[in-house]
Amino acid sequence: MDRVKSSMQQVPNAIPKVIRRTTGGANSLELEKDNFERGQAVSINKAINTQEVAVKEKHARTCILGTHHEKGAHTFWAAVNRLPLSSNAVLCWKFCHVFHKLLRDGHPNVIKDSMRNKADLTDMSRMWGHLSEGYGKLCSIYLKLLITKMEFHIKNPRFPGNLQMSNRQLDEAGENDVNNFFQLTVEMFDYLECELNLFLGVFSSLDMSRSVSVTAAGQCRLAPLIQVILDSSHLYDYTVKLLFKLHSCLPADTLQGHRDRFQEQFKKLKGLFYRSSNLQYFKRLIQIPQLPENPPNFLRASALSEHISPVVVIPAESSSPESEHVVETDDLVDTDVPALPPALETKFDDLFGTSAAIDPFNFNSQNGLRKDDKDRLIEQLTREIQALKDELESFRLESGRLCQALRGRVNELEAELAEQSHLRLQAAGESEFLKAELDDLRRVREDSEKEQRSLTEIEKKAQANEQRYTKLKEKYSELVQSHADLLRKNAEVTRQMTVARAAQDEVDVVRREMQEKVKAAQEVADRQERDQLEQLQELQRELVSSRTELDSLKTTMASSQQSSEVLSTQLVALESEKAELVQSLSKVEAELVVHGEELERVQSSLATERESGVKTAEALQNQLNEKESREQALESQLVAARWSSLQGAVEEAEKIIQDSLAQIDDPAHISCTSSADYLASRCQASLDCMDRLHSAREAFLADNTGVSELVRVVTQCGHLVGDTIVQGSATSHMVPAGQADALSESVKACGAEALALLGQMKQQSSLSAADNGKLRAALEAILATAEELRPRGLELQQGELGDLVEQEMAATSAAVESAAARIEEMLNNSRAVDTGIKMEVNERILASCTELMQAIKELILSSKNLQKDIVESGRGAASMKEFYAKNSRWTEGLISASKAVGWGATVMVDAADLVVQGKGKFEELMVCSHEIAASTAQLVAASKVKADKDSGNLHRLQKASRGVTQATAAVVASTKSGKSQIEEKDTMDFSSMTLTQIKRQEMDAQVLVLELETRLQRERERLGELRKKHYELAGVAEGWGEQEEG
């Protein structure tokens, strides 16, 4: 019991809350349940403890029987969840061992009950994985194996926990499907890989140069490998069988990866089985099989018969340190009389004899002792008592000394405790400080995670928009394809109808021919019958005439008996004639019978032919009816397909507009901007599309076969209106608040009207009543707002813009001419007033300025000629002003460049005048030269945009531009040369200065240099800001933002 108590003290709260106290009124079932839970908790805590020894088999067996008793693992997990598995690696290792046994031999519901704790096991595995050695690393690997085992059995419920299956059950697990066998093989490879990782991890953590398998610590690490060996042998066997089955169904190249992975695992498993079989610990507990020298050859089907399944044998009479029957005397109550110590027992025998020792209550043998013996005995006992007293006194002194030493030690420990308390308080303060810093870091991390999530959401939305565009494009392609298929089907049905009509015509012709043949045959038969009747009537008349003649002859014979001979002879002749007439009559009757039979045959054949003709006509009529019904069905299907394609296009347009409305409400859309000019172009395109939509709808209502144009226009209308909504919202971000609100309301109203119009077009009954007037009015309102927001430079009319080009070019030419005249005048004045070096400098500067003006004249002239070529080649049937208005951005670029050239020429003349008079600065003249060069470059670029690269005027313009550049360089060079000649340079004579004066002036010079450098830096920054502002103003005036967006 002491050992159990010590283990219980090492594990806090070892007994879980699942153990309840039974009240006096509890029935026997509750009592039995409480006893079961209490017994399970005791066994679990004995099996899973912090002692580095192997788990005892009897405790693990009790846990396994408990799962079968309650048909699950609820009690086991209730007890385990109270254990500090995350703080003690040995405790976690023994838990993994017991849990592995339960998964193999416990109730099948253990796996299902344990899946609820999968997340905790995964976190624990990740936590122990941070350790690189010892039980921590092993626990991480073992937990991964157990998670893999649970997932395998959940995916494949036919496999029991101990993996024991027959070949028939293995085939049933794959359901005779090669895909299932393929996937099952991959899962078994992953399962076996985890088993091998644990094998290698345990062996790498042991010092194999020592007999670690006989030590308690070594056995603690090796004991779980028995379960691993049992699982690995089954997984190896099933993998081999499944690979042979896959090779019989799939080509060898497909299974090359399976074979490579099996080869690798085969080598590892063979080496590990061999190393395990040589350990003394496993020899008494398990018989480990040996794998063959070479892996099976899966490319040869007959090699399956050579495969021998590895069988792991566990001896029935095994006695291992974890399965030996050990009687724990600590758990029993000691009811025996305590035995005497050996010294006291020997002393008792010396005093009272062996018989007294055997029977201490038998004093019969002492009655015969003499008195002297008693005295001696008393004296001896007295001496011994005295010796014991002395020894007791020495013990007291020693104990007093030890107590004193212990008191001193206690005082020292109390001082150390006080110091530790002080350190603990300091550590608590530092901990609070670190917690505060940790909270700050967590907040910073949360902020960064939020930003990352927002960025991810923006990326996802961008991807979703791109995917939506792709889907719309695919849907449009599908609609086009379906429309083409329906057209092909319509052509096929039309062709079949044509063939059917031709067949019907042929049937009618055949029917008419048959009727004519029947009529002709009937007429022939009637004629033959009439002829035969006439012949029969003639024969009857002849017979009647012959009979009358015979009667007359008889009367004649009777009257003239005298001439009997003559009469007899006549009678004979008459009888012969009669016989001939009878014969001819019989022949006629026979012929009449023959003709009657022929008539019956002809009538029967005619009736047969008539019936066959009727049947053929009926069959052809049925075919014709079937084709007509099929044509009607196809026509109805075609109509339904047309309507469904139209509905699909309308639904896609609705989705586009709804997405646009949702996009303008998205906070991320606030950063999007657009220009009023681009919004106006989108509105105008939408209005044009409204006209096409109206005409396409009218055409569809008149003839429902023209659905393709309506589908295309509806889709395009959805895109344009959606783009107008988005661009309108983006434009509202760049305008004042009042105009922005009005524009936003107009955009939303436009979206609502568009959805209402599309909703009417979705219903076939309301398609004819659909009116786009409200949507057109909303678009016109947005267009009017956009026109109000456009820059002032864009408000010029066509005529004004064209006239302005001519005016600016003329003004630029005039400014250049005026500048050249002023320079000539200044040159004449300088020659009359100045002399010497000043006159020379002024002449050189004014001469270079004159050359620059001449170069600018040539540039402007070349630019005009090139513009004429561009206008003539690009305007077509339109006028020059219409061309300028159509290309307003290019025209405004020309105007701006012309203004800049004229202004630069005027400013440069003013600067040159001041320089010649001695009032200006040479730097101003150089800056004006550079500005003129930049302006002419802008003019060349604006003229070059729409020019043909092979144009002669373009080449002349480029040549003139190079002349301006050279002239500008000449002006700058002459200005610098004149400045160096005119400015006086003080000679630096330091001969009369002392060291202190030179040092003082050196310091003053350094201060001045620093001041000038600081001023230079400030002026450069100011220049940069001025250029930025100029760029922004020029962009607003010339519509650069719209060009970029367009």
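Residues numbered from 1 in each chain as written. Predicted model: local features only at pLDDT ≥ 70, side-chain atom pairs only at ≥ 80, totals over all residues. Heavy atoms only, no water.

### Here we look at the overall build of the protein
Now for step 1: When helices and strands are counted, the protein shows 29 helices and zero strands.
Now for step 2: For the protein, buried positions account for 34% of its 1046 residues.
Now for step 3: If you take every contact in the protein between residues at least 6 apart in sequence, the share linking residues at least 24 apart comes to 79%. (Helix = DSSP H or I, 4+ residues; strand = E, 2+ residues; numbered from the N terminus. Buried < 20%, exposed > 50% of the residue type's maximum accessible area, 1.4 Å probe, protein only. Contact = heavy atoms within 4.5 Å.)

### A look at the packing of helix H5 (residues 89-105) against helix H8 (residues 134-155)
What describes two packed helices is the angle between their axes and the distance between those same axes.
Now for step 1: It is the contact of H5 with H8, at a shortest axis distance of 9 Å, that shows an interaxial angle of 20°. In terms of orientation, H5 lies roughly parallel with respect to H8. Crossing of H5 against H8: the hand is left-handed. Within the contact between the two elements, H5 uses Ala89, Val90, Cys92, Trp93, Phe95, Cys96, His97, Phe99, His100, Leu103 and Arg104 and H8 uses Tyr135, Gly136, Leu138, Cys139, Tyr142, Leu143, Leu145, Leu146, Lys149 and Met150. (Axes fitted to C-alpha atoms, helices over the stretch in contact; angles between N-to-C directions. Parallel < 35°, antiparallel > 145°, perpendicular 65-115°, else oblique. Left-handed = near helix turned anticlockwise from the far one by under 90°.)

### Concerning a negative patch on the surface
Now for step 1: A cluster of acidic residues, Asp531, Glu534, Glu538 and Glu542, forms a negative patch at the surface.
Now for step 2: Structurally, the position occupied by Glu538 is in helix H16 (residues 371-559).
Now for step 3: The exposure class of Glu538 is partly exposed, given its relative accessible area of 42%. (Patch = residues over 30% accessible without salt bridge, like charges linked within 9 Å, V, L, I, M, F, W, Y side chains within 5 Å. Areas by Shrake-Rupley, 256 points an atom, 1.4 Å probe, with all protein chains shown as cover. Salt bridge = Lys/Arg side-chain N within 4 Å of Asp/Glu carboxyl O. Lys, Arg positive; Asp, Glu negative; His and termini not counted. Charge placed at Lys NZ, Arg CZ, Asp CG, Glu CD.)

### Looking at the side chain of His59
Now for step 1: Counting through the fold element by element, His59 comes out in helix H3 (residues 57-70).
Now for step 2: Those residues in contact with His59 that sit more than four places away from it in its chain are Ser43, Lys46 and Ala47.

### Here we look at the nonpolar core
Now for step 1: Counting residues in hydrophobic clusters, the biggest one holds 92 residues, and the most contacted among them are Ile48, Phe76, Phe95 and Phe159.
Now for step 2: Broken down by element, this core gets its largest block of residues, 13 residues, from helix H12 (residues 225-249).
Now for step 3: By size, the runner-up hydrophobic cluster in this structure holds 47 residues, among which are Ala653, Leu661, Met690 and Val713. (Core = buried A, V, L, I, M, F, W, Y, C linked by side-chain atoms within 4.5 Å.)

### Re a nonpolar patch on the surface
Now for step 1: A cluster of nonpolar side chains, namely Leu377, Leu381 and Ile385, defines an oily patch on the protein surface of about 220 Å² accessible area.
Now for step 2: The residue Ile385 is located in helix H16 in this model.
Now for step 3: For Ile385, a relative accessible area of 46% corresponds to the partly exposed category.

### Here's the deal with the pattern of salt bridges
Now for step 1: Here the structure, examined in full by the defined rule, presents 22 salt bridges.
Now for step 2: Across the pair Asp123 and Arg126 runs a salt bridge, and its minimum N-O distance is 3.0 Å. One end of the pair, Asp123, and the other, Arg126, are both in helix H7 (residues 118-128), three residues apart, so they sit about a helical turn from each other.
Now for step 3: What makes Asp123 partly exposed here is its relative accessible area of 44%.
Now for step 4: When the shortest N-O distance is used, the salt bridge between Asp190 and Arg261 registers 2.5 Å. A residue pair is termed long-range when its members are at least 10 positions apart, and Asp190 in helix H10 (residues 178-205) and Arg261 in helix H13 (residues 256-277) qualify at 71 residues.

### Quick notes on the environment of Ala781
Now for step 1: Its place among the elements puts Ala781 in helix H21 (residues 773-789).
Now for step 2: Assessed through its relative accessible area of 33%, Ala781 is described here as partly exposed.
Now for step 3: Separated by 34 residues in the primary sequence, Ala781 and Val747 have C-alpha atoms spaced 9.2 Å apart.

### What about the environment of Ala900?
Now for step 1: As for its placement among the helices and strands, Ala900 is situated in helix H25 (residues 888-917).
Now for step 2: When the C-alpha positions of Ala900 and Leu939 are compared, they lie 8.7 Å apart, and in sequence the two are 39 residues distant.
Now for step 3: Excluding residues within four positions of it along the chain, Ala900 makes contact with Ser935 and Gln938.

### A short note on the packing of aromatic side chains
Now for step 1: In total, this model carries 18 aromatic pairs according to the counting rule given.
Now for step 2: Put simply, the rings of Tyr236, Phe244, Phe262, Phe266 and Phe298 touch in pairs and so form one group of aromatic residues.
Now for step 3: The ring of Tyr135 carries Arg221 above its face, with NZ or CZ at 4.4 Å from the centroid.
Now for step 4: Just above the ring of Phe181 sits the side chain of Lys245; from NZ or CZ to the centre is 5.5 Å. (Phe/Tyr/Trp six-rings, centres within 6.5 Å; stacked < 30°, edge-to-face > 60°. Lys NZ or Arg CZ within 6 Å of the ring centre and 35° of its normal.)

### Description of the side chain of Asp231
Now for step 1: Looking at where Asp231 falls in the secondary structure, it is placed in helix H12.
Now for step 2: Look at Asp231 and you get buried, because its relative accessible area is 0%.
Now for step 3: A distance of 3.0 Å separates polar atoms of two side chains, one belonging to Asp231 and the other to His100.
Now for step 4: Apart from the residues within four sequence positions on either side, Asp231 is in contact with His100, Arg104, Lys149, Leu163, Tyr191 and Glu195. (Polar contact = N/O pair within 3.5 Å; in protein donor to acceptor, adjacent residues only side chain to side chain.)

### Here's the deal with the packing of helix H2 (residues 28-47) against H3
Now for step 1: Taken N-terminus to C-terminus, the directions of H2 and H3 make an angle of 145°; their axes are 9 Å apart at the nearest point. Crossing of H2 against H3: the hand is left-handed. Across the interface between the two elements, Glu32, Phe36, Gln40, Ser43, Ile44, Lys46 and Ala47 of H2 pack against His59, Thr62, Cys63, Gly66, His69 and Glu70 of H3.
Now for step 2: Partitioning the contact of H2 with H3 into residue classes produces four nonpolar, six polar and three charged. (Nonpolar A, V, L, I, M, F, W, Y, C, P; charged D, E, K, R; others polar.)

### Focus on the confidence of the model for the protein
Where the model shows low pLDDT, its predicted coordinates should not be examined in detail.
Now for step 1: Looking at the protein, the pLDDT average stands at 76 and 81% of residues meet or exceed 70.
Now for step 2: Within the protein, the lowest mean pLDDT, 40, falls on helix H1 (residues 2-10), and the highest, 92, falls on H5.
Now for step 3: Counted against residues more than four places away or in other chains, residues 792-799, with its pLDDT under 50, gives 11 contacts.
Now for step 4: Contacts for the low-pLDDT stretch residues 1039-1046, under 50 throughout, to residues beyond four places or in other chains number 16 contacts. (pLDDT = per-residue confidence, 0-100.)

### Quick word on the state of the cysteines
Now for step 1: The final tally for this structure, using the stated rule, is zero disulfides.
Now for step 2: Just so you know, Cys92 is unpaired, no disulfide at all, and the nearest cysteine sulfur is the one on Cys139, 3.9 Å from it.
Now for step 3: Here Cys96 is not disulfide-linked; the sulfur of Cys92 is the nearest cysteine sulfur, at 4.3 Å.
Now for step 4: For Cys96, a relative accessible area of 0% puts it in the buried group. (Disulfide = S-S within 2.5 Å.)

### What about H2?
Now for step 1: When the terminal C-alpha atoms of H2 are compared, their 28 Å separation across 20 residues agrees well with the 28 Å that a helix rising 1.5 Å per residue should span.
Now for step 2: For H2, every residue scored as buried is listed here: Asp34, Phe36, Glu37, Gln40, Ala41, Ser43, Ile44, Asn45 and Ala47. (Expected span 1.5 Å × (residues − 1).)

### Overview of unusual backbone geometry
Now for step 1: Unusually for a residue other than glycine, Lys71 sits at a positive phi of about 60°.
Now for step 2: Mapped onto the elements of the fold, Lys71 is located in the loop between H3 and helix H4 (74-80).
Now for step 3: A positive phi angle, near 55°, is found at Glu175, a position not held by glycine.
Now for step 4: Structurally, Glu175 can be placed in the loop between helix H9 (167-174) and H10.

### Looking at the environment of Ser205
Now for step 1: Here Ser205 shows up in helix H10.
Now for step 2: Along the primary structure Ser205 and Gly218 are separated by 13 residues, whereas in three dimensions their C-alpha atoms are 9.7 Å apart.
Now for step 3: Those residues within four positions of Ser205 in sequence are excluded, and the remaining contacts are Leu138 and Arg221.
Now for step 4: Here the side chain of Ser205 touches Arg221 through a polar contact of 3.1 Å, side chain to side chain.

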